[in-house]
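So the chains spell out like this:
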Amino acid sequence: MNDQEAAQTLRTPLYDQHVAAGAQMVPFAGWQMPLLYKGIVQEHQHTRTACSIFDVSHMGRISVSGPAGDDVLERLTTRRLGGMPAGKMRYTYMCNERGGILDDMVIARYEDRWLVVCNASNRAKIFDWIVGHAEGTDATIEDVTLQTAMVAIQGPQAFELVRPMIPFEFAGLKNWSFLAGNYMGVDFSVSRSGYTGEDGMELIVPATVIPFIWQQLTASQEPDTESPIQPAGLGARDTLRLEAGLPLYGHELTDETDPIAAGFGWAVNLDKDFIGAEALRRVAADGPARILKGLHLQGRRIARQDAVVEAGSGRVIGQVTSGTLGPAVDKSIAMAYLDKDYAVAGQQVTVKLRAQAIPATVVDLPFYRARK
């Protein structure tokens, strides 16, 4: 990264901790973020077998409050929010009038407000979208991204390892739920959620206290040993989410794709009115022309975004959105939008990688499921 790039990007409150740990820092969505520490594969496998901690403070955090806040968000989101109790979260989408995805997000219901957690690359767009549709109402919209920090602690040992280190009880926390409170003057929320395919939690606290928490969580408990909670970067976060079949904005999700084609029709309540509902009702009635599916590629070559998928004698039937060599599944895997007639598990296709046509098999997502 050169000096000009560094000057144009933000730093999370954990920047110094990343540098001290030897992280390779890269510009990402307007932020300087750790790509890796010791290696993507090592960090991926540690998450799958033990526990890793990710700095996700770059993700947008937008507070919506006031008497009209409920109605504003109900109008903008694909999921029904009415009647949602405090302490619950829902995965949802905001769409344009055509049903195209502006962003996917998690919305959390607090006692006195909502918190919208969106992708870093879409933070300004989503903030402006909400503000624009709240104009003239008594809803209050505030971007709290820079005042807060957010970390994700992920892996099969996450709860076992973190429980002794956090001075409040959260053992009974269910998936898509969160606990909010104040400890010694510090507001916090801890949720059971994540983006890796593993069990785990995400912690939101004031930006000023996160370096201390990070240090406590990653410090070795015994002399001459490493902490079982290891830092992981964006590289492992991407391979983990891909194995778990989870979409990424700018790859599987764009303003030209819709939630139903992406396989998330369950996150769309077509019996309520929201921006894009009419278009999505038509998609649901007719069926999407293309559907997001998985691919197992023959060999070890990796399919890159926009690689063409073909069937038969060179017939183009789709396009790759993401690909990697999955460390846990030990296969070359990819996600791709395929013509609906070919989006069937077991279908044999080819993926064009430069001049080569690599044989591949269509599979259902996800590629990897965590052991219960």
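Fair warning: this is a prediction, and the values are worked out from it, not measured in the lab. (Residues numbered from 1 in each chain as written. Predicted model: local features only at pLDDT ≥ 70, side-chain atom pairs only at ≥ 80, totals over all residues. Heavy atoms only, no water.)

1. Some details on the layout of surface pockets
One simple way to see leftover space: roll a probe sized like a water molecule over the atoms. Roughly 1,300 Å³ of internal volume is contained in the largest pocket. The wall of the largest pocket is formed by 49 residues, among which Trp176, Gly194, Tyr195, Gly197 and Leu246 lie closest to the centre. Mapped onto the lining of the largest pocket, the elements with two or more residues apiece are strand E6 (89-95), strand E7 (101-109), strand E8 (114-118), strand E12 (186-191) and strand E13 (200-206). With 4 residues, E7 is the single largest residue contributor to the lining of the largest pocket. Across the lining of the largest pocket, the residue classes break down as 30 nonpolar, 10 polar and 9 charged. Of all the secondary structure elements, the ones that give two or more residues to the lining of the second largest pocket are helix H8 (234-243) and strand E17 (315-326). By residue number, the principal contributor to the lining of the second largest pocket is H8, which donates 7 residues. Residues of the lining of the second largest pocket, tallied by class, amount to 10 nonpolar, 11 polar and 4 charged. (1 Å grid on protein atoms, 1.4 Å probe; cavity = no way out; pocket = protein on both sides within 12 Å on 5 of 7 lines; lining within 4 Å. Points joined across faces, edges and corners; volume = space filled by probe spheres on them. Helix = DSSP H or I, 4+ residues; strand = E, 2+ residues; numbered from the N terminus. Nonpolar A, V, L, I, M, F, W, Y, C, P; charged D, E, K, R; others polar.)

2. Quick word on the sheet that holds strand E5 (residues 60-65)
Pairing is antiparallel across the open sheet formed by 5 strands, whose spatial order is E6-E7-E8-E5-E9. For this open sheet the edge positions go to E6 and strand E9 (140-143), each flanked by a neighbour on one side alone. Ignoring which end each strand starts from, the neighbouring axes of this sheet average 25 degrees apart. Relative to E9, E5 runs antiparallel, the two being bridged by 4 bridges. Across the sheet, isoleucine 62 pairs through a bridge with aspartate 143, a residue of E9. (Pairing = 2+ DSSP bridges. Axes fitted to C-alpha atoms, helices over the stretch in contact; angles between N-to-C directions.)

3. Re the environment of threonine 324
By secondary structure assignment, the location of threonine 324 is in strand E17. The exposure class of threonine 324 is buried, given its relative accessible area of 9%. Taking the C-alpha atoms as reference, threonine 324 lies 32 Å from serine 220; in sequence the two are 104 residues apart. Dropping the residues within four chain positions of it, threonine 324 is found in contact with Thr239, Leu242, Ile302, Lys331, Ser332 and Ile333. (Buried < 20%, exposed > 50% of the residue type's maximum accessible area, 1.4 Å probe, protein only. Contact = heavy atoms within 4.5 Å.)

4. A closer look at the packing of aromatic side chains
Within the structure shown, the criterion is met by 6 aromatic pairs. Ring geometry for tyrosine 91 against tyrosine 93: centres 5.2 Å apart, planes inclined by 75 degrees, an arrangement best described as edge-to-face. Tyrosine 93 sits in the buried class, given a relative accessible area of 0%. With 5.8 Å between their ring centres and 55 degrees between their planes, phenylalanine 264 and tryptophan 266 make a pair best called tilted. Judged by its relative accessible area of 10%, phenylalanine 264 falls in the buried class. An aromatic cluster of three or more residues is present, and its members are Tyr91, Tyr93, Phe264 and Trp266. When the ring centre of tyrosine 110 is taken as reference, the NZ or CZ atom of arginine 113 above it lies at 4.0 Å. Arginine 192 extends its terminal NZ or CZ atom over the ring of phenylalanine 159, reaching a point 3.9 Å from the ring centre. (Phe/Tyr/Trp six-rings, centres within 6.5 Å; stacked < 30°, edge-to-face > 60°. Lys NZ or Arg CZ within 6 Å of the ring centre and 35° of its normal.)

5. Some thoughts on the pattern of salt bridges
On inspection of all chains with the given rule, the structure shows 18 salt bridges. Between glutamate 243 and arginine 48 there is a salt bridge, and its shortest N-O distance comes to 3.0 Å. Of the two residues, glutamate 243 sits in helix H8 while arginine 48 sits in helix H3 (residues 40-49), which places them 195 residues apart along the sequence. The class for arginine 48 is buried, based on a relative accessible area of 5%. (Salt bridge = Lys/Arg side-chain N within 4 Å of Asp/Glu carboxyl O.)

6. Some points on empty space enclosed by the protein
Taken as a whole and assessed by the stated rule, the structure comprises 1 cavity of 30 Å³ or more. What lines the largest cavity is simply Met33, Pro34, Phe54, Asp55, Ala232, Gly233, Leu234 and Arg237. Put simply, the parts of the chain that give the lining of the largest cavity at least two residues each are strand E3 (31-36), strand E4 (51-55) and H8. Class assignment of the residues belonging to the lining of the largest cavity gives a composition of 5 nonpolar, 1 polar and 2 charged.

7. Quick look at the packing of H3 against H8
Look at H3 against H8: their axes get within 8 Å of each other, and the N-to-C directions meet at 55 degrees. As far as their axial angle goes, H8 and H3 are oblique. When you trace H3 past H8, the crossing you get is right-handed. For the pair H3 and H8, contact is made by Ile40, Glu43, His44, Thr47 and Arg48 and by Gly235, Ala236, Thr239, Leu240 and Glu243, respectively. Residue composition of the contact of H3 with H8, by class: 3 nonpolar, 4 polar and 3 charged. (Parallel < 35°, antiparallel > 145°, perpendicular 65-115°, else oblique. Left-handed = near helix turned anticlockwise from the far one by under 90°.)

8. A closer look at the nonpolar core
Core analysis: the largest hydrophobic core is formed by 40 residues, its most contacted members being Tyr91, Tyr93, Leu115 and Leu253. Elements that contribute at least two residues to this core include exactly E6, E7, E8, strand E10 (148-154), H8, helix H9 (277-286) and strand E18 (331-339). Per element, the largest residue contribution to this core is 4 residues, and it comes from E6. Contact partners of leucine 115, with chain neighbours within four places excluded, come to Arg61, Ile62, Ser63, Val106, Ile107, Ala108, Tyr110, Val144 and Ile204. (Core = buried A, V, L, I, M, F, W, Y, C linked by side-chain atoms within 4.5 Å.)

9. A few points about the side chain of arginine 61
Within the element layout of this structure, arginine 61 appears in strand E5. The buried charged residue arginine 61 lacks any salt bridge partner; its closest oppositely charged side chain belongs to aspartate 143, at an N-O distance of 7.3 Å. (Lys, Arg positive; Asp, Glu negative; His and termini not counted.)

10. What to know about unusual backbone geometry
A cis amide bond, omega 0 degrees, links leucine 365 with the succeeding residue proline 366. Of note, proline 366 is situated in the segment after strand E20 (356-363). Of note in this structure, alanine 29 is not a glycine but carries a positive phi near 50 degrees. Along the chain, alanine 29 falls in the loop between strand E2 (24-28) and E3. The residue tryptophan 176 is not glycine, and still its phi comes out positive at about 60 degrees. With respect to the secondary-structure elements, tryptophan 176 resides in the loop between helix H6 (158-162) and strand E11 (178-183).

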